[in-house]
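What follows is the residue order along each chain.
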Amino acid sequence: MAKKKTQYMDDQAWTDVRDGMRIDWDVPIEMDDGLVLRCDVYRPIKDGKYPVIMTYGPYGKFLHFDDAYHDQYERMLEDFPEIGAGTSEKYQNWEVVDPERWVPDDYVCIRVDGRGTGRSPGVIDIWSLREAQDLAICVDWAGVQSWSNGKVGLNGISYYAENQWQCAALQPKHLAAICPWEGAADFYRDMGHHGGILCNGFVKDWSEAQVYSVQYGKGTNGKRSRMNGEWVSGPETLTEEELGQNRNNFYDDVRTRKLDTDEYWQSRMPDWSKVKVPMLSTANWGGQGLHPRGNFEGFTQSASKEKWLEVHGIEHWTHFYTDYGMDLQKRFFDYFLKGKKNGWDKQPKVQLQVRHPGEKFVERHEDEWPLKRTEWTKFYLDPSDMSMSTTPQRKKGDVTYGGFSDGVTFMTPPLEEDVEITGPIASKLWVSSATTDADMFLVVRVFGPDMKEVTFQGALDPHTPIAQGWLRASHRKLDTKKTLPYRPYHTHDEEQPLEPGKAYELDVEVWPTCIHVPKGYRLALSVRGRDYVYPGDSNTDLGEYANWTGVAIFRHDDPRDRPADIFGGDVTLHTGPSQQAYVMLPVIPEKRTSRKK
Amino acid sequence: MDDIKYAGDPIFRSEVREGMRVDWDVPIEMDDGLVLRANVYRPDDDGQYPVVMSHGPYGKDLHFEEIYKTCWDLMCENHPDVPAGSTNIHQSWEVCDPEKWVPKGFVVIRVDSRGSGRSPGYLEVFSSRETQDFAACIDWAGVQPWSNGRVGLSGISYYAVNQWQVAALKPKHLAAICPWEGFNDFYRELSHNGGIYNTFQRHWYDMQIMKIQHGYGDRGWRSRANGEWAAGPETLSEEDLKANRFDLHGDYISHPFDDEWYATRTPDLSKVEVPVLSCANWGGAPLHPRGNFNGYMKSSSRQKWLEIHGLEHWSLYYTDYGNDLQMRFFERFLRGDDSAFPDEPKVMLNVRHPGEKFVPRGEDDWPIPRTQWTKFHLEPAGQILSETPSANDAAITFASEGDGLTFLSTPVEEDTEICGPMAVKLNVSSDTSDADLFVILRVFQPDLKEVTFRGALDPHTPVASGWLRASHRALDASRSEEWAPFHPHDKAEPLTPGEVYEVDVEIHASGIVVPKGYRFGISIRGCDYVYPGEPNSGLSNMKNVFTGVGPFLHDDPDNRPDAIYKNNITLHVGPQKAGYALLPVIPAK
């Protein structure tokens, strides 16, 4: 293979011209601490100044999508053959754009291997400020290259979305627009400690399976790239010991930082007041336990004046690649990176794929989030018959369940007419515990007339319930400034243990959702002592993606975080005239399309 | 001895193996001259022993695993006591393992019924000819040199169903029967549940009968034990095979009412007089358990017992539990050892609790005498079950192919046992001339996960089910109990669209302890129950994936034409329009 050198390349880098693109592999970018990261630059063959679409992250730029995530890739292509149209698929890579579908439209696509992963040496410190600074440097590097028009956009899923918030807050000069596609933003609340409860399932399983598996230095013990034949995590091969030294233990890091005030979390949290670039924030209704809260918060809290929110369904990665998703991204970036007058400025601020049972989605445009016309409706919980209704409680009542149990479920009668619920959800509970703490797992659920639960193909789990929220009772302290009536915001700055037997007022944030509930269906709130479990047995005959129990890998079951002597005790919910317990749902009346005077 | 007796028979063989004398393909001549073939497994000595016999179409020489591999694997995995202590070379579907019985001093006989396996002739399952054959085999076995003259019958399903039939013929040497999950009403249980045609047996015939029809020969399987063709020795043409069997689906579907076709098959239980141990499965509806319950209640036998268990259709029969229960029963009635089965309670329940938990308990009779028959009324406001009838008139309409209606109780305040036969009274109208009603008793956990059980076939079987075609609503009062409406099914009385009719639905008997905090409910549907979770892949011997009713689907387009049964059904409830479930609540002893 001929290695043509350009001035910005070194001995390791080389260029291929193929599949209609000029590909510069392993281009060096030097960081301010002297470390050299490696990136691949996919660009038009013809010289010119082009806008840049960049991603920075740990999944290995040389690792083909199909080699890393075969089942997901197969399924995506099967469900949406359009994703394989007009591309050789040779450069498909997990959760980043397919250059063959962007370069022909005069974009430069750059993939940077994050510090310590793939082809970039260094120490892995997941989502650290150091990584965000690296990304900012890469953005500004890309803005001044000979092939660059000076405008850099960030566009990717998940990891490649989450660090967009961080990078945007650092305000690199050449950053012109971001499209965080399903990206968490608040690493404490969105990912590490939901309501104060450690999400060990994700933190541990994901970091080991998806990041450490492509750590820089795996070398010949890792995979070869089907794109160019080189080692995905090389060129060097390091010993296990060296590999161990070159990474922070994400699981231990997250587990031991129990409060949001820890520098670990504070250094990672984007300062929304500094996020000012144009943004297209795209959320997944079924992303509970990781991403969508970040997309909603990013949209509502950021200082950007030009910002859009889009919300869709199905798997985490799929719509990013579909014609639907590509069209949104292209129109957005054409407008901000190329200055194309394509009408994007007329794009409604909020585009929702409104969910109906049976994986049905109906697109609707709105002007804001949450929707102004929301009828915030409190459904009060009645332990006497385990019902919930809009009538406040007149009598005192209580119900007790085991701290590690499936808890209790309050349900409405079948609805007399269709009801749409779209937006954030807040719940107030009065809780006493037999011990000094209690973990609350709240699930908003919908049941069909035959009592089959309405679940959706979520970002990961094929049986994802309508909405979920979490709160550790000792973390109940509210930040009164940041709390909104429909979105409690907890400080997570101190633990306030409970006095056993004494009832405490808890405000639980349930992450935003959307569901059109047909007439005859029932609404329910489950208050549990452990993670939600889908009530229909999964059948592995239906594939790997059915082999979860309702929360995918977003499990909260680490005995070190939830010791039985504290969290296994009985928990009691109290209701009554002075202890109104409720879940407040955002009921959406039909839009008035034309007002006649 | 037999070597000499059957000298010259072209296929008879005898050998000593696995500690037994095994006589293969023993000829038994019927009164019309046809020769059936039987395997006799017996102690290798000159003693005279009680006989345990089965007679049926599944192939005495077909190894269990050939067609029923998933069933075998599941059983062995969950019940290691089944394969233990046997070479398992003689295991066959739904009949006992001779290696477990012969050492205990029993002669085990398997007869291939007319037209199946090694026996030639015209195959007509469950026909009166077949029942006569069975009786002849019993009386043949009663007079053989190795026989003590007392023949008992043992087997599951087919091999249980025909026990009721043959017992009603009263063969001289029949001494006791143990029908393990065996129906006896060919209309209400097998082919037309509540008058609605069940497509199960059509597929069953394809998968489990035709592949072992005599003459299937070298298309099929060789015996693992003796190397011969299990459905041979001859191999017949497809035309000959077809000519040698009846048209099961065509015959049954052309008899939509409980007519003479069924009368020649359904035994008169009052003529069953031998000692009976009737073993029912809680999760077997609609096929078998109703027959086991009725067999117990309606047979004339003075010595009769009812046992009820859970899990798969075939498993417990083969376990130590099943073998011990049967052997003790047969020790008493075939060998005269009264001490073996001394003071068994008449009714032996394995009381069902959620989570496949079963607690043994004896009762004096069935239904349980202390039953508190309790009406749970349908309350349209909120769709709940109420202890009081609804005060207001209401009507709720649902589409027959949709999810129907579900009336839920509030969480029960203490553990509540529901155990026995049950009935549901409804007032309905249709926008066509008929309506098929599917009524299900369901139980839900506090988190609203439905409590289903590993039923006889479907791993997600609901607690209880009933069926009724509204045009078959006429009752035979003389044969009905309040808790067991009996429909003669002798005619159709079409509905006038929009007019309201009172109907009584028999829910096949069941049992469940509803724990404190759980809810129960009644679902009323216009189509088969669907488990509210993922379907199951089913079994190797069946065609369909299991969606909650196993193979028992009511989906024949000729029996349920869209023009009539793709309809809107309206449930009417009010002071003059009763709607309730009559449930057998069992107080603690």
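Owing to the predicted nature of the structure, the values given are computational and were not obtained by experimental measurement.

1. Describing the overall build of chain A
Right, on to step 1. Helix and strand content of chain A: 13 helices and 24 strands.
Right, on to step 2. For a compact globule of 597 residues, the expected C-alpha radius of gyration is about 25 Å, and chain A comes in at 24 Å, within 12% of that figure.
Right, on to step 3. Residues classed as buried in chain A amount to 53% of the 597 residues present.
Right, on to step 4. Counting only contacts in chain A whose residues sit at least 6 apart along the sequence, the fraction spanning at least 24 positions is 73%.

2. Looking at the sheet that holds strand β4 (residues 49-56) of chain B
Strands belonging to one sheet form pairs held by backbone hydrogen bonds; the direction of such a pair is parallel or antiparallel.
Residues and elements named next belong to chain B.
Right, on to step 1. Across the sheet, eleven strands lie side by side as β1-β2-β3-β5-β4-β6-β7-β10-β11-β12-β13; this open sheet has mixed pairing. Both edges of this open sheet fall to β1 (13-17) and β13 (357-363), since each of them pairs with a single strand only. When strand polarity is set aside, the average angle formed by the axes of neighbouring strands in this sheet is 20°.
Right, on to step 2. Taken together, the six bridges between strand β10 (residues 276-281) and strand β11 (residues 304-309) define a ladder with parallel strand orientation. Paired with L277 across the bridge in β11 is W305.
Right, on to step 3. Across the face of the sheet, helix α5 (residues 128-141) comes into contact with β2 (20-29), β3 (35-42), β4, β5 (107-112), β6 (147-156) and β7 (174-180) while running at roughly 160° to β4.
Right, on to step 4. Relative to the sheet, helix α6 (residues 158-169) contacts β4, β6 and β7, its axis offset from that of β7 by approximately 140°.

3. Looking at the sheet that holds strand β3 (residues 36-43) of chain A
Residue and element names in this part refer to chain A.
Right, on to step 1. Here eleven strands make up an open sheet; going across it, the order is β1-β2-β3-β5-β4-β6-β7-β10-β11-β12-β13 and the pairing mixed. What marks the edges here is a single partner per strand, and that holds for β1 (14-18) and β13 (360-366). Neighbour-to-neighbour, the strand axes of this sheet turn through a mean angle of 20°, independent of strand direction.
Right, on to step 2. With two bridges joining them, strand β7 (residues 175-181) and strand β10 (residues 279-284) adopt parallel strand pairing. From the neighbouring strand, I178 faces β10, where its bridge partner is M279.
Right, on to step 3. In this fold helix α3 (residues 129-142) packs onto β2 (21-30), β3, β4 (50-57), β5 (108-113), β6 (148-157) and β7, with an angle of close to 160° to the strand it touches most, β4.
Right, on to step 4. Docked against the sheet, helix α10 (residues 292-301) engages β7, β10 and β11 (307-312), running at close to 150° with respect to β10.

4. Examining the interface of chain A and chain B
Right, on to step 1. Across the boundary between the two partners, chain A contributes 25 residues, which contact 24 residues of chain B.
Right, on to step 2. Listing elements by their share of the side of chain A that touches chain B, those giving two or more residues are β17 (408-411) and β22 (522-528) of chain A.

5. Description of α10 of chain A
The α-helix winds at 3.6 residues per turn, so residues separated by three or four positions along the chain end up facing the same way.
Right, on to step 1. Most of α10 of chain A sits out of view: eight of its ten residues are buried.
Right, on to step 2. Considered for burial, the residues of α10 of chain A that qualify are P292, R293, G294, N295, F296, E297, G298 and F299 of chain A.

6. Quick look at the packing of α5 of chain B against α6 of chain B
All names here are of chain B.
Right, on to step 1. The interhelical angle for the contact between α5 and α6, taken along N-to-C directions, is 70°, at an axis separation of 9 Å. Relative to α6, α5 is oriented roughly perpendicular. In this structure, α5 uses T131, F134, A135 and I138 to contact α6, whose residues at the interface are N162, Q165, V166 and L169.
Right, on to step 2. Within the contact of α5 with α6, the residues separate by chemical class into five nonpolar, three polar and no charged.

7. Topic: the pairing of strand β24 (residues 582-587) of chain A
Residues and elements named next belong to chain A.
Right, on to step 1. One ladder, built from six bridges, connects strand β14 (residues 375-382) with β24; its direction is antiparallel. The residue of β24 that forms the bridge with Y380 is Y582.
Right, on to step 2. With four bridges connecting them, strand β18 (residues 419-433) and β24 associate as antiparallel partners. Of the residues in β24, the one forming a bridge with K428 is Y582.

8. Description of the nonpolar core
Right, on to step 1. Counting 319 residues, the largest nonpolar core has M54, C138 and M440 of chain A together with M53, C137 and L437 of chain B as its most contacted members.
Right, on to step 2. Residues in contact with C137 of chain B, not counting those within four places in the same chain, are I28, L36, A38, M53, H55 and V111 of chain B.

9. Some details on the packing of α3 of chain A against helix α4 (residues 159-170) of chain A
Residues and elements named next belong to chain A.
Right, on to step 1. As a packed pair, α3 and α4 sit with axes 9 Å apart at the nearest point and diverge in direction by 70°. Between α3 and α4, the angle falls in the class roughly perpendicular. In the crossing of α3 with α4, the sense of the turn from one axis to the other is right-handed. Of the residues in α4, those touching α3 at E131, A132, Q133, L135, A136 and V139 are N163, Q166, C167 and L170.
Right, on to step 2. Of the residues contributing to the contact of α3 with α4, the split by class is six nonpolar, three polar and one charged.

10. Examining α5 of chain B
All names here are of chain B.
Right, on to step 1. Over its 14 residues, α5 runs 20 Å from end to end, which matches the ideal 20 Å to within 8%, given 1.5 Å per residue.
Right, on to step 2. With ten of 14 residues buried, α5 lies mostly within the body of the structure.
Right, on to step 3. Buried within α5 are the following residues: E130, T131, D133, F134, A135, A136, C137, I138, W140 and A141.

11. So, the confidence of the model for chain A
Right, on to step 1. This prediction gives chain A a mean pLDDT of 95; 96% of its residues lie at or above 70.
Right, on to step 2. Across residues 1-6 of chain A, where pLDDT falls below 50, the model places six contacts with residues more than four positions away in sequence or in other chains.

What counts and how
- Residues numbered from 1 in each chain as written.
- Chains lettered and ligands numbered in written order.
- Predicted model: local features only at pLDDT ≥ 70, side-chain atom pairs only at ≥ 80, totals over all residues.
- Helix = DSSP H or I, 4+ residues; strand = E, 2+ residues; numbered from the N terminus.
- Rg over C-alpha atoms; globule rule 2.2 N^0.38 Å.
- Buried ≥ 20, exposed ≤ 12 C-beta atoms within 10 Å, placed from the backbone.
- Contact = placed C-beta atoms within 7 Å.
- Pairing = 2+ DSSP bridges.
- Axes fitted to C-alpha atoms, helices over the stretch in contact; angles between N-to-C directions.
- Parallel < 35°, antiparallel > 145°, perpendicular 65-115°, else oblique.
- Nonpolar A, V, L, I, M, F, W, Y, C, P; charged D, E, K, R; others polar.
- Core = buried A, V, L, I, M, F, W, Y, C linked by C-beta atoms within 7 Å.
- Left-handed = near helix turned anticlockwise from the far one by under 90°.
- Expected span 1.5 Å × (residues − 1).
- pLDDT = per-residue confidence, 0-100.

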